[in-house]
Amino acid sequence: MNKKIIKIFFVLNFTLFAGILSGQSTSFEVSGGVGSGSIKGNSPPVTSLAGKISFGYNPVFLKAVTFRGEFLIARKVEYFLPEDRRGRYYPFVKAFSLAGFIYQPLANNFRLEEGLGFVLVNDRTFSDTDDWDSGLTATLLVRYTFDRPAQNGFSVALGAEFGNTFTNSTASYFVFFLEGLYRFSL
């Protein structure tokens, strides 16, 4: 069943990004980011480091909304420190999300972005736990664009993302991150 959920998620993303809307989009986005925060399942929160990649598009018929599909992985911070690893388990979560983003200009090349969407989280907080949970994700970030904000180009953002699930182990994550994004048109 877990593989079925992942396949459905990827088929939906592929259909939305490559099939139906690619001819009706004004721009595409590719981004990646790193950050720090906490993860938890049926456990107390654990400090973690996270990495994420996302792909987005802005359709012609909804100029005010950008849709982004994202993959995030967050793992306990001790995993990245040098130590004897024999017999140790380092908790982690993987998350796949699809969210809609809107923005408000702040000043010059700065803007505030808010996102809300659906998330699937693979909870691996214990060595014997491998649950897939579904829920919601919310993102808030401040973006600086190096070119004109409405045009193609590179931008950076500082932000926070929260994912909370409502099934199985009710896994969740909270991450502060730095993100780089490139926007382009085909």
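Residues numbered from 1 in each chain as written. Predicted model: local features only at pLDDT ≥ 70, side-chain atom pairs only at ≥ 80, totals over all residues. Heavy atoms only, no water.

(A) Local environment of the overall build of the protein. Of the regular secondary structure elements, the protein holds one helix and eight strands. Reading the helices (α) and strands (β) of the protein from amino to carboxyl end gives α-β-β-β-β-β-β-β-β. For the protein, buried positions account for 42% of its 186 residues. Relative to all contacts within the protein whose residues are 6 or more apart in sequence, the contacts with residues 24 or more apart total 59%. (Helix = DSSP H or I, 4+ residues; strand = E, 2+ residues; numbered from the N terminus. Buried < 20%, exposed > 50% of the residue type's maximum accessible area, 1.4 Å probe, protein only. Contact = heavy atoms within 4.5 Å.)

(B) Examining the environment of A64 more closely. Looking at the secondary structure, you find A64 in the loop between β2 (46-59) and β3 (66-76). Given the relative accessible area of 56%, A64 is considered exposed. Taking C-alpha positions, A64 is 6.1 Å from I102, a pair spaced 38 residues apart along the chain. In contact with A64, other than residues within four places in its own chain, are F101 and I102.

(C) Fine view of empty space enclosed by the protein. Summed over all chains, the structure comprises four cavities of 30 Å³ or more. What lines the second largest cavity is simply S54, R68, E70, S97, A99, F101, T137, T139 and E161. Going through the elements one at a time, β3, β4 (92-107) and β6 (131-145) are the ones with two or more residues in the lining of the second largest cavity. Here the element with the most residues in the lining of the second largest cavity is β4; it accounts for three residues. Here the lining of the second largest cavity is composed, by residue class, of two nonpolar, four polar and three charged. (1 Å grid on protein atoms, 1.4 Å probe; cavity = no way out; pocket = protein on both sides within 12 Å on 5 of 7 lines; lining within 4 Å. Points joined across faces, edges and corners; volume = space filled by probe spheres on them. Nonpolar A, V, L, I, M, F, W, Y, C, P; charged D, E, K, R; others polar.)

(D) Representation of the pairing of strand β5 (residues 110-124) within the structure. Summarising the sheet, β4 and β5 pair through 15 bridges and their orientation is antiparallel. Directly across from Q104, in β5, lies its bridge partner L112. Following β4, the chain reverses through two residues before pairing antiparallel with β5; N108 in that reversal takes a positive phi of roughly 45°. Taken together, the 14 bridges between β5 and β6 define a ladder with antiparallel strand orientation. Its bridge partner lying in β6, D123 is registered against D131. (Pairing = 2+ DSSP bridges.)

(E) Layout of the nonpolar core. Counting 15 residues, the largest nonpolar core has V121 and Y173 as the members making the most contacts within it. Among the elements of the structure, β2, β3, β4, β5 and β8 (172-184) are those that each provide at least two residues to this core. Here this core gets three residues from one element, more than from any other, and that element is β8. (Core = buried A, V, L, I, M, F, W, Y, C linked by side-chain atoms within 4.5 Å.)

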